[in-house]
Each structure stands twice: as C-alpha cells, then as structure tokens.
There are 2 protein chains.
Amino acid sequence: MAPETRVPLAQLREFITIAMTRLGLPPQDAATVGALMAEAELQGSDGHGAIRLLPYARRIRAGGINLHPDIKIVQERPGMALLDGDNGMGHLVMKKAAEIAIEKARTCGVAWVGSRLSNHAGPASLYARMPMAHDMIGMYFAVGNANHLPPWGGLDMLLSTNPIAVAVPGGEEPPVVLDMATTVAAYGKVKAKAQRGEQMPIGWMIDRLGQPLTDPKRAEEGFLMPIGGYKGYGLALIVGLLAGTLNGAAMGSEVIDFNKDDTSTTNTGQAILAIDLSAFGDVAAFKARVDKLVREMRASERMPGVERIWLPGEQSHDRRAANERDGIPIGPALLQTLDRFAQDMGMARLQDT
Amino acid sequence: MAPETRVPLAQLREFITIAMTRLGLPPQDAATVGALMAEAELQGSDGHGAIRLLPYARRIRAGGINLHPDIKIVQERPGMALLDGDNGMGHLVMKKAAEIAIEKARTCGVAWVGSRLSNHAGPASLYARMPMAHDMIGMYFAVGNANHLPPWGGLDMLLSTNPIAVAVPGGEEPPVVLDMATTVAAYGKVKAKAQRGEQMPIGWMIDRLGQPLTDPKRAEEGFLMPIGGYKGYGLALIVGLLAGTLNGAAMGSEVIDFNKDDTSTTNTGQAILAIDLSAFGDVAAFKARVDKLVREMRASERMPGVERIWLPGEQSHDRRAANERDGIPIGPALLQTLDRFAQDMGMARLQDT
C-alpha cells in the first residue's frame, strides 16, 4: 500500500476552492467552502473533509444546490435571527449564522441564530469553534442529512444522528470542544468496519428484534444505537426540534437522505448559540478556571492500562497542530479518488495544485 | 405492607410550606419552595420531592443555607443575567432566574440566566418547563451536588451526573420534555436496587478496573457509567462548564457532597435558557409541527414486545394528570418518614394537614 501523502493546508484549500469554482460557485463562496472543508480535514474530521467533494459535486451537478443563493434574515430580534439559506451550500449559511450570532452576542451577551433551507455544512465543531476567537463559547445543533435511527422501541427510521457541538475556550490549555453524534457510533464507523472485514462491538447497532447486531455487512438490517438507549433517542429528538422544527426546517420523515437523493431540496436546519464571556465577568479569570478544571481532570488517578486522560477535543487540537506543521495526511485511497475527480473536472491534481 | 396514601397536591404543598416556615424561611419563600417541591412530586420526580425535606431540614438546621438571602443580579446584558443566590434555597434562585430569562427573551428572542451561590433546586425539568407557559422553549443545565463519576479512564470522582432538561411545548399533544442525567442510571436507582436486594444490569456501573459492577451493595467501590462512555463524560463536563465554571460556581473538585457535608456553602451553579417561539415565526404553526412530529414518532412500527412508543416527558405528563385527579401517591415508607419528621417539628402530619 502506498504511504499517505502530506499536503499543506493552503494546498488542500486551494484544490477544493478550484473544484468549487469549476462546479459553478462564485469565487468568494468557493473560497469560503474550500477554507472550511480544508479546516475540517485539518482537525481530523476526515469524514467531513475532502471526501465530501464527491457527493457535493454530484448534488451540485444534479441541480440540488442553489449556486447563487440569497441567504437572508427572515426573522430577527436583538438576541436572535432566523436565516433562510435559499438552498445554498451549508457552509455559507452557517458561516454567516455564526457571524451574526457573534455580532448579536456582543450586545445581548448571548445570541441564537437558526437556519432553514440550508444544507450539510461539515463537522459540527467547525461552527461551535467560531465564537471562541471572540472570547465566546459556541454551541451548535444540527439535523443530520439521513435518518439512521428509529424512536426508542420502534422500527421506522425517523431520526438522524443529530449532532451537538460545544466549544469552550481555555487560557493556556487547549479549548474544551465536544462534538458528538447522539448515537454510540457514527454510520461512517460502521462502513469502515465493513471495509476492513471486522465485526462491530456489541452496543453499536441493534437489529429489528432489538438484539445486538455485530456484522457490519448486515448494517442495512438494523439501526444505530442511541447513547444511553432512550436518553440518546430523546437527545436526537430534542436537537432536531431545536435545529429543525423551530426553524421550519426538515425533521422526522421530512428529512431527505442525501446519499440517495441529489435533487430534492434538503431544507436542512441548524442552530448556533454564542455566549459572550465578558458578559459574565472577567474573561481571563474564566479561562484560568477552565485551565484549572482541565488540569484536574488530566491529573486524575487512572485505571490500569489507561495511559492518559483526554479532555474532549484535545486529540483533535493536537492533530490540528501536527497537521499545520507537517501537512494534512491524505491516505492513498482518498488521494486516488481525488486524482480521478480532478481528471474528471479537468483540473490539476491535489499534489500539483 | 400498608397501601400507598393519595394526597391532594394542595395538601402536600401546604405540609411542605409549613415545614419550611418552621425551619425559618420567610412565609413567601416557604410557599415558593413548598409549591415547587410538591410539583416535583406531582410529576413523579419522587427522588426530588417530599423525600428531600429531610436533607434540606438537616442543612438548614446546620446553618448551611441562608434563610434571608439577597438574591441579586451581579452581571447583566439585554439577553443575559448572572444571579448571585447568596446561598439561599436553590428553588428561590432558579425560580427568579427563570422569570428573568422569560422577561428578557420577550425582548431579545432568546435569553440565558446563570446562577452561582445557589443550592440544589429539585428536578431539572421543573425549571425547563417554566418558559412553556409563555410560549417559549426552556433549557436547563445544572452542576449536581455530589460527584459520582471520574473523567473517562480515570478513578478520581471529579464529575457529577450534571443534568440537562429541555421542554418544548406542543399544541394538542403533550410537551416534549427531556430531563436526563448524563449517566446511564441515576445514583438513586442504584440505592433502590440495593434496598430491594436486586442486581444491577451491566452498563450501570463499573469498578476501579473498568469491569462491569452489578452488585449494588458494592456501589461504593465503583462509578456510574456515563451515557455513551466518553461521550457522556464529555457531556457532564460541558454541562458543568456552562452551569458552573461560567458562573464562577463550584465545579470539579470544588463540588461539595451535600450528602456528607451540611455546612459548607455548596456554591451550586445552574443555567436556564428561554427561547421565545414568536421570535421565530407563527407560534401556532410551530406547535402544529411539533404535534405532527410527535404523532409520527408514536405511529412508528414497533419492535416485537413493545406495546407503545413514548415521547420524552409523556409518561411524566400522564402521571401529572393522574396525580392532579387522584392525589399524589405517597408510599408507606415515605409516609412514615414524613410522620416522624412532622412529630419532630411539632407540626400536624401530612394526612392531617
């Protein structure tokens, strides 16, 4: 097997930006999407990075994305806004949503911006992280773009793995960044197990009788398990109500499976909350408290065999730093896929960009 | 065994109010605490209802609660406030917090109120539900008052089962109310298993080697399992950062175990978020969307043996209605405890109130 290739962030960003431009996005929008997709790859969210170029391209070519959206505020109060994404790329909608939330939180202390008629926007933490640069906590909720779980005890797949992300800035310590699906395992992990011919651990999936399903090749016969059983079902539903139903976006049976349908408007809903630290008191004092807490967790006595206690987002933070220094690792399979994609688009390969 | 006694809501409220007055709370504060504790019992949160009279009384007598607190706003912006609870009863602090959040959300669309120097306030859903009467969504976070879990992979109990509650009003359907600890089982459930001499299912607790612990009599040797493993650890930490650290309240090793210490100021932190539905569009249309979604979940095809699919908060909603009609069931053990308590306080028994 060929070794992985390391690509500088700027090169990956440029490659995706060129691809997006060729697909018809205006240059500035292409650059925004390129920067955010490359950042997803930088932080190790590889399921939401360069690999997504292909399904995005497929949907754009099928006419399922509005390349010239009029992304606008349709409802507004001092501490909130509702954005209509006009079926544009989700990255554009949510970047704007984050900017509005940050701006409004400066005045109100806290601000919430929801979206409808948006689209898949990449990893949740990308947007939850944005307020941190302004000394704010970020919180992000989204309705996923394919339903993989039924209500607890049910068989109809009516819920997605609706993610929650929260980012809390530290001082000297890395930020605490939680980015989690409301299922035990993400569907991508199941696919990876199938590719490697491995069995899944008990607890990832159940079959239609409620029994553990461990053969990933039979994944279509079962469902992802929500975390904590009925609790995760409740969380997935609540996240969907906040990010979807509240905004008039798709939820439940209205969710379009973007793996199977490239043309229907997904009407994706998301929400972002920004909390301005300075509204609560001294920012440096807050960050010092976060640092103290982080160090306390890390210094806990460990179970036998546990080498280190990690904070949420810490591994991703380290990966981000390493990838900025050494370049972003692109595995041989992904590189081959991107090569074919570049050829197909009549553009230079990633390595030659 | 004696059958359970059914007590009208007003009678339980009166009993607790009298008790609180005798313990030294001003009459209006005693009435507020009485009403909220009785409401906890009404909705079936029996772990947070009348049973708490005893530990509250113990703490009050030990001087661990300020009976005449000056609960005041110490930080404020149009969409947020930070309340200093002055070590008063948590119910008083969080009722005021909810009222401020509701008032501010009317103007800003969304508002967040945090607390510090508060105390245990009963079930999370009690406060998340408050904004619903004003056509708002409520969200509540709290730092629990005893640490029961270590960071993932660790052995030092640095985290509580920090709960999250969210309440979303429906139209004709009951509201969707999620109220969950970030552990698979609450510690009260473990105690109940021990009392009944039953084993716990695998997944509730682990021992210091990370192995399943199923004997509830050995509970002191192990830890509660967070939901979804490291995900629940992340959630418990994030909830604590939002409800505790952000407000300058206790978190991590600063948390006082209120089962073992009646005098130290707990410096409990909580937070409530109110989201005004009318800011997002037509309220009736939103409620109709919630109803549609609720019915869709309920109508899902079911696994064999599953009689009904429940929505989060639906069972509690039914119980609330039944208890309003038939009176609140008080089991013989609790009644005996309350009888002794009444005798000790020199006040009429619950049944004679």
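The structure contained in this document is the topic of the report that follows.

Rules used in this analysis
- Residues numbered from 1 in each chain as written.
- Chains lettered and ligands numbered in written order.
- Predicted model: local features only at pLDDT ≥ 70, side-chain atom pairs only at ≥ 80, totals over all residues.
- Heavy atoms only, no water.
- Helix = DSSP H or I, 4+ residues; strand = E, 2+ residues; numbered from the N terminus.
- Buried < 20%, exposed > 50% of the residue type's maximum accessible area, 1.4 Å probe, protein only.
- Contact = heavy atoms within 4.5 Å.
- Areas by Shrake-Rupley, 256 points an atom, 1.4 Å probe, with all protein chains shown as cover.
- Polar contact = N/O pair within 3.5 Å; in protein donor to acceptor, adjacent residues only side chain to side chain.
- Buried area = accessible area lost by both parts, 1.4 Å probe.
- Salt bridge = Lys/Arg side-chain N within 4 Å of Asp/Glu carboxyl O.
- Nonpolar A, V, L, I, M, F, W, Y, C, P; charged D, E, K, R; others polar.
- Core = buried A, V, L, I, M, F, W, Y, C linked by side-chain atoms within 4.5 Å.
- Least-squares fit on C-alpha atoms with pLDDT ≥ 70 in both.
- Pairing = 2+ DSSP bridges.
- Axes fitted to C-alpha atoms, helices over the stretch in contact; angles between N-to-C directions.
- Phe/Tyr/Trp six-rings, centres within 6.5 Å; stacked < 30°, edge-to-face > 60°.
- Lys NZ or Arg CZ within 6 Å of the ring centre and 35° of its normal.
- Parallel < 35°, antiparallel > 145°, perpendicular 65-115°, else oblique.
- Left-handed = near helix turned anticlockwise from the far one by under 90°.
- Right-handed = clockwise from strand over helix to strand, strands pointing away.

1. Comments concerning the overall build of chain A
Thought 1: Helix and strand content of chain A: 10 helices and 12 strands.
Thought 2: When its C-alpha atoms are laid out on the principal axes, chain A stretches across 55 × 50 × 45 Å.
Thought 3: For chain A, the proportion of its 353 residues judged to be buried stands at 60%.
Thought 4: Of all intrachain contacts in chain A linking residues separated by at least 6 positions in sequence, the fraction that spans at least 24 positions is 66%.
Thought 5: Taken as a whole, chain A presents about 13,300 Å² of accessible surface, with 50% of it coming from carbon and sulfur.

2. Overview of the side chain of Asp 276 of chain B
Thought 1: By the element assignment, Asp 276 of chain B lies in strand S11 (residues 268–276).
Thought 2: A relative accessible area of 7% means that Asp 276 of chain B is categorised as buried.
Thought 3: A distance of 3.2 Å separates a polar atom in the side chain of Asp 276 of chain B from a polar atom in the side chain of Arg 77 of chain A.
Thought 4: Once residues lying within four places of it in the same chain are set aside, the contact partners of Asp 276 of chain B are Arg 77 of chain A together with Ala 105, Arg 106, Gly 109, Asp 135 and Met 136 of chain B.

3. As for the interface of chain B and chain A
Thought 1: Counting from both sides, the interface comprises 84 residues of chain B and, opposite them, 84 residues of chain A.
Thought 2: Interface area for chain B against chain A, summed over the two sides, is near 6,800 Å², with a carbon-plus-sulfur share of 70%.
Thought 3: At the boundary of chain B with chain A, the tally comes to six salt bridges.
Thought 4: For Arg 77 of chain A, the salt bridge identified is with Asp 276 of chain B, shortest N-O distance 3.2 Å.
Thought 5: At the boundary of chain B with chain A, the tally comes to 30 residue pairs in polar contact (both at pLDDT 80 or more).
Thought 6: With nine residues, helix H7 (residues 230–243) of chain B is the largest single contributor of residues to the side of chain B that touches chain A.
Thought 7: Here the residues of the side of chain B that touches chain A are counted per class, giving 52 nonpolar, 18 polar and 14 charged.

4. Digging into the nonpolar core
Thought 1: One finds Trp 112 and Phe 141 of chain A together with Trp 112 and Phe 141 of chain B to be the most contacted residues of the largest nonpolar core, which totals 88 residues.
Thought 2: By size, the runner-up hydrophobic cluster in this structure holds 61 residues, among which are Leu 23, Ala 30, Leu 83 and Ala 167 of chain A.

5. A short note on the relation of the copies chain B and chain A
Thought 1: With an axial shift of 0.0 Å and an RMSD of 0.0 Å, the rotation relating chain B to chain A amounts to 180 degrees. The relationship between the two copies is best expressed as a two-fold rotation axis.
Thought 2: Most of the interface of chain B is mirrored in chain A: 100% of its interface residues are interface residues there too.

6. Overview of the sheet that holds strand S3 (residues 80–84) of chain B
Residue and element names in this part refer to chain B.
Thought 1: Strand order in the open sheet formed by seven strands is S2-S3-S4-S11-S5-S6-S7, and the pairing between neighbours is mixed. On the outer flanks of this sheet lie strand S2 (72–77) and strand S7 (176–180), each paired with one strand and no other. Neighbouring strand axes in the sheet, compared pairwise and without regard to direction, differ in orientation by 10 degrees on average.
Thought 2: With seven bridges connecting them, strand S5 (residues 136–142) and S11 associate as antiparallel partners. In the strand pairing of S11, Ile 137 is matched with Ile 275.
Thought 3: Relative to the sheet, H7 contacts strand S4 (110–118), S5, strand S6 (164–168) and S11, its axis offset from that of S5 by approximately 100 degrees.

7. Some remarks on the environment of Leu 293 of chain B
Residue and element names in this part refer to chain B.
Thought 1: Here Leu 293 is to be found in helix H8 (residues 283–298).
Thought 2: For Leu 293, a relative accessible area of 5% translates into the label buried.
Thought 3: Sequence-wise, Leu 293 and Gly 170 are 123 residues apart; in three dimensions their C-alpha atoms are separated by 9.8 Å.

8. Focus: the sheet that holds strand S10 (residues 222–224) of chain B
Across a sheet, paired strands are connected by hydrogen bonds in the backbone, their directions being either parallel or antiparallel.
Residues and elements named next belong to chain B.
Thought 1: The strand order S9-S8-S10 describes an open sheet built from three strands, whose pairing is antiparallel. Each edge of the sheet is formed by a strand with only one pairing partner; in this case those strands are strand S9 (212–213) and S10.
Thought 2: Sheet analysis places strand S8 (residues 205–207) next to S10, joined by three bridges and oriented antiparallel. Bridge pairing links Met 205 to Leu 224 in S10.

9. Some points on the pattern of salt bridges
Thought 1: Throughout the structure, instances matching the rule amount to 50 salt bridges over all chains.
Thought 2: One salt bridge in this structure joins Lys 292 of chain A and Glu 296 of chain A, with 3.8 Å as the shortest N-O distance. Of this pair, Lys 292 of chain A and Glu 296 of chain A both sit in helix H8 (residues 283–298), separated by four residues, roughly a single helical turn.
Thought 3: By relative accessible area, Glu 296 of chain A is classed as buried at 16%.
Thought 4: The closest approach of N and O atoms between Lys 287 of chain B and Asp 135 of chain B, which form a salt bridge, is 2.7 Å. Of this pair, Lys 287 of chain B sits in helix H8 while Asp 135 of chain B is found in the loop between helix H5 (124–128) and S5, placing the two residues 152 residues apart along the sequence.

10. Digging into the packing of aromatic side chains
Thought 1: In this structure the tally under the stated criterion is four aromatic pairs over all chains.
Thought 2: Measuring from centroid to centroid gives 5.5 Å for Tyr 127 of chain B and Tyr 140 of chain B, while their planes differ by 25 degrees, and the two rings are stacked. One end of the pair, Tyr 127 of chain B, is in helix H5; the other, Tyr 140 of chain B, is in strand S5, and 13 residues separate them in sequence.
Thought 3: Cation over ring: Arg 308 of chain A sits above Trp 310 of chain A, and NZ or CZ is 4.1 Å from the ring centre.

11. Things to note about the packing of H8 of chain A against H7 of chain B
Thought 1: At a minimum axis distance of 12 Å, the contact between H8 of chain A and H7 of chain B shows a crossing angle of 155 degrees. One element, H8 of chain A, and the other, H7 of chain B, form an angle in the roughly antiparallel class. The two elements H8 of chain A and H7 of chain B meet at a crossing, and its hand is right-handed. Contact with H8 of chain A, carried on its side by Val 290, Leu 293 and Met 297 of chain A, involves Tyr 233, Leu 237 and Leu 241 of chain B of H7 of chain B and no other residues of that element.
Thought 2: Considering only residue class, the contact of H8 of chain A with H7 of chain B consists of six nonpolar, no polar and no charged.

12. Looking at the pairing of strand S3 (residues 80–84) of chain A
Residues and elements named next belong to chain A.
Thought 1: The element S3 is extensively covered by neighbouring structure, given that five of its five residues are classed as buried.
Thought 2: Alternating residues of S3 divide into Met 80, Leu 82 and Asp 84 and Ala 81 and Leu 83, and every residue in both groups is buried.
Thought 3: Summarising the sheet, strand S2 (residues 72–77) and S3 pair through five bridges and their orientation is antiparallel. By the bridge assignment for S3, Lys 72 is matched with Asp 84.
Thought 4: In sequence, S2 turns back onto S3 through a hairpin of two residues.
Thought 5: Handedness of the crossover joining S3 and strand S4 (residues 110–118) through helix H4 (residues 90–108) is recorded here as right-handed.

13. Some remarks on the pairing of S5 of chain B
All names here are of chain B.
Thought 1: Here S5 lies mainly inside the structure; seven of its seven residues are buried.
Thought 2: Burial of the side chains of S5 extends over both faces: Met 136, Gly 138, Tyr 140 and Ala 142 are buried on one face and Ile 137, Met 139 and Phe 141 on the other.
Thought 3: Of the strand pairs in this sheet, S5 and S6 are connected by four bridges, and their pairing is antiparallel. Bridged to Tyr 140 within S6 is Ala 165.

Purely geometric stuff here, so don't read any function into it on its own.
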